[in-house]
Amino acid sequence: EAKSQGKGRHVVYHERMDHRTAEQSRVAADLRGALDTDQLHLLYQPIVAMPGGELFGVEALVRWTHPVRGPIGPNLFIPAAERTGLIVPLGAWILEEACRQAVSWRQTMGAAAPRTVSVNVSARQLREAGFAEEVAAVLLRTGLPPDVLTVEITETAVFDGGTALDELKSIAALGVKIALDDFGTGHSSLGLLRTCPADILKVDKSFVDDVTGGGEPAVIVAALLTISDGMRLRAVAEGVETAEQAAELHRLGYRYAQGYFYARPLPAGEIDTYRPAGLTPAPGPGALV
Ligand code: C2E
Ligand code: MG
Ligand code: MG
Ligand code: MG
């Protein structure tokens, strides 16, 4: 990709990569201590019903507050954690923490509790032998019903090869839901739908960004909904930021969304006070109630 853009670009690309790698090594060294010293916590972003924005589920998103450097985003430290293998203990902590929180909401919020709690699982975790057993053990320890948990994986993670697909099938066999994250940005998207035990398809933000333009992104977003409906997948539009995007997605038939327009990632304690902040449906035929 960089190569095709000429020699100048090629060099810049590699310098950036080096910079990024050095940064990741520094980060990885500090991350080792972060788990033991309470520097990590989870935020939960509502996944809502359209158009009104009623709470349907939440996605757990990890945050790291470094004692010196302050907040560090997952886009920086998750790749470092994957490269060093630290993602395995880190991911185990995230999974258990999210399941405990899900149980806690069920106790305090009752029927209003999130119906699903999504946890991102990276390729490296899925490749780890016994990952499905670990998921089963966490469900037992926390008492969370399996179908309340959703595991989010990317297309790339499944095609990582090895036993990833088998591990995923074992997780699905527990009754845990599987979501294909950032769908449309990886490889072999459509083939994956035939082999992978998916329940939810999360349409990547990059398509949602341009959905109001009426061009190819809108065509793709519409086609992904047709595929999802036909294959009995729940389609979730990711990264909805504006009322215009929400209205267009709703017009296309989308029923679930996630994005800053509805809610930012929130501390666990703010989920029970989340109130729908979506579109008010126009009354009359076709309005969803
Ligand atoms: P993702 O799983 O696709 O998560 C969605 C990301 O999009 C989150 O960023 C979320 O805050 C952001 N987002 C949601 N709505 C909007 C919006 O309307 N506009 C914009 N601009 N952004 C929006 P975050 O929390 O920085 O996470 C980034 C990525 O890091 C995640 O992408 C996921 O791949 C990874 N990640 C986050 N938490 C975990 C984790 O606990 N485990 C693993 N393995 N990966 C994680
Ligand atoms: Mg995700
Ligand atoms: Mg995503
Ligand atoms: Mg995304």
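The name recorded for the chain in an unreviewed UniProt entry is Bifunctional diguanylate cyclase/phosphodiesterase, from Actinoplanes subglobosus.

S.K.: Hey, could you go over the site of ligand 1 for me, with residue numbers and the actual values?
M.R.: Taken together, 23 residues sit near ligand 1, with R63, N120, D181, E241 and Y260 positioned nearest. At a separation of 3.1 Å, a nitrogen atom of ligand 1 approaches a polar side-chain atom of Q45. Within the side chain of E59, a nitrogen or oxygen atom sits 3.0 Å from an oxygen atom of ligand 1. In isolation ligand 1 has 790 Å² of accessible area, and contact with the protein removes 82% of it. Those elements that provide at least two residues to the shell around ligand 1 are β2 (54–66), α2 (74–84) and β6 (177–183).

S.K.: Can you tell me about the pattern of salt bridges, naming the residues and giving the values?
M.R.: Going through the model one piece at a time under the given rule, you end up with eight salt bridges. Here R100 makes a salt bridge to E96, at a shortest N to O gap of 2.6 Å. One end of the pair is R100 and the other is E96, both in helix α3 (residues 87–109) and four residues apart, which spans about a single turn. We classify R100 as partly exposed; its relative accessible area is 40%. A salt bridge links E128 to R124; the shortest N-O distance between them is 2.9 Å.

S.K.: So, the side chain of E167: which residues are in play, and what are the values?
M.R.: Considering the arrangement of structural elements, one finds E167 in helix α7 (residues 164–173). Buried within the structure, E167 lacks any salt-bridge partner; its nearest side chain of opposite charge belongs to R127, at an N-O separation of 11 Å. One polar contact links the side chain of E167 to the main-chain amide nitrogen of A132, over a distance of 2.9 Å. The residues contacting E167, other than those within four sequence positions of it, are L126, E128, G130, F131, A132 and E133.

S.K.: Let's hear about unusual backbone geometry: which residues, and what values?
M.R.: Of note, the bond from M50 into P51 is cis; its omega dihedral lies within 30 degrees of zero at 5°. The residue P51 is located in the loop between β1 (40–49) and β2 in this model. With phi around 60°, D38 is a residue other than glycine that occupies positive phi space. On the secondary structure map, D38 appears in the loop between α1 (7–34) and β1. Given a relative accessible area of 72%, D38 falls into the exposed group. Positive phi, normally seen in glycine, also occurs at D182, with a value near 50°. Tracing the backbone shows D182 in strand β6.

S.K.: Describe the coordination of the magnesium ion (ligand 3), and please don't skip the residues or the numbers.
M.R.: Looking at the magnesium ion (ligand 3), the protein donor atoms are D181 (OD), D182 (OD) and E238 (OE), and they sit 1.7 to 2.5 Å from it. Site description for the magnesium ion (ligand 3): donor spacing in sequence, D-D-x55-E. In this structure the magnesium ion (ligand 2) is found 3.6 Å away from the magnesium ion (ligand 3), and D181 serves as a bridging donor for the pair. In this pair, D181 is assigned in strand β6 and E238 in the loop between β8 (234–237) and α11 (243–252), connecting sequence segments 57 residues apart. Of the two residues examined, D181 and E238, each falls in the buried class.

S.K.: Can you lay out the packing of α3 against helix α5 (residues 131–142) for me, pointing to particular residues and giving the numbers?
M.R.: Axis separation between α3 and α5 bottoms out at 10 Å; the angle between their running directions is 35°. In the crossing of α3 with α5, the sense of the turn from one axis to the other is right-handed. Counted together, A92, L95, E96, C99, R100 and V103 of α3 and E134, V135, V138, L139, R141 and T142 of α5 form the full contact between these two elements. Classifying every residue of the contact of α3 with α5 gives seven nonpolar, one polar and four charged.

Conventions and cut-offs
Going along each chain's sequence as written, the residues are numbered from 1 onward. A letter from A marks each chain and a number from 1 marks each ligand, given out in the order of writing. The predicted nature of this model means local features are confined to residues of pLDDT at least 70 and side-chain atom pairs, given and counted, to a pLDDT of 80 or more, with totals for whole chains, interfaces and linings taken over all residues. For the side-chain quantities, the full set of heavy atoms in the structure was used; hydrogens and water were omitted. Residues are counted as near a molecule or strand when any one of their heavy atoms sits within 4 Å of it. As used in this structure description, the phrase polar contact means that two N or O atoms lie within 3.5 Å; if the pair is within protein, one of them must be able to donate a hydrogen and the other to accept it, and residues adjacent in sequence are counted only when both atoms belong to side chains. In short, Shrake-Rupley with a 1.4 Å probe defines the accessible areas, and a residue's cover is counted only from the protein chains shown. Per the convention used, a helix needs a DSSP run of H or I reaching at least four residues, while a strand needs a run of E reaching at least two, with both numbered from the N terminus. A pairing counts as a salt bridge when a side-chain nitrogen of Lys or Arg comes within 4 Å of a carboxyl oxygen of Asp or Glu. A 1.4 Å probe rolled over the protein chains alone gives each residue an accessible area, and that area as a share of the maximum for its type sets the label: buried under 20%, exposed over 50%, partly exposed in between. We treat Lys and Arg as the positive residues and Asp and Glu as the negative residues; His and chain ends play no part in the count. The contact rule is simple, with two residues in contact once any of their heavy atoms fall within 4.5 Å. Atoms are scored as donors when they are N, O or S and lie within 2.8 Å of the metal, with 3.2 Å used for Na, K and Ca; no water is included, so coordination may look incomplete. Only the stretch in contact is used when a helix axis is fitted, and all axes are lines through C-alpha atoms; the angle between N-to-C directions ranges over 0 to 180 degrees. Helix crossings are classified by the rotation of the near helix relative to the far one: an anticlockwise turn of less than a right angle makes the crossing left-handed, while a clockwise turn makes it right-handed. Residues were grouped as follows: Ala, Val, Leu, Ile, Met, Phe, Trp, Tyr, Cys and Pro as nonpolar; Asp, Glu, Lys and Arg as charged; and all remaining residues, including Gly, as polar.

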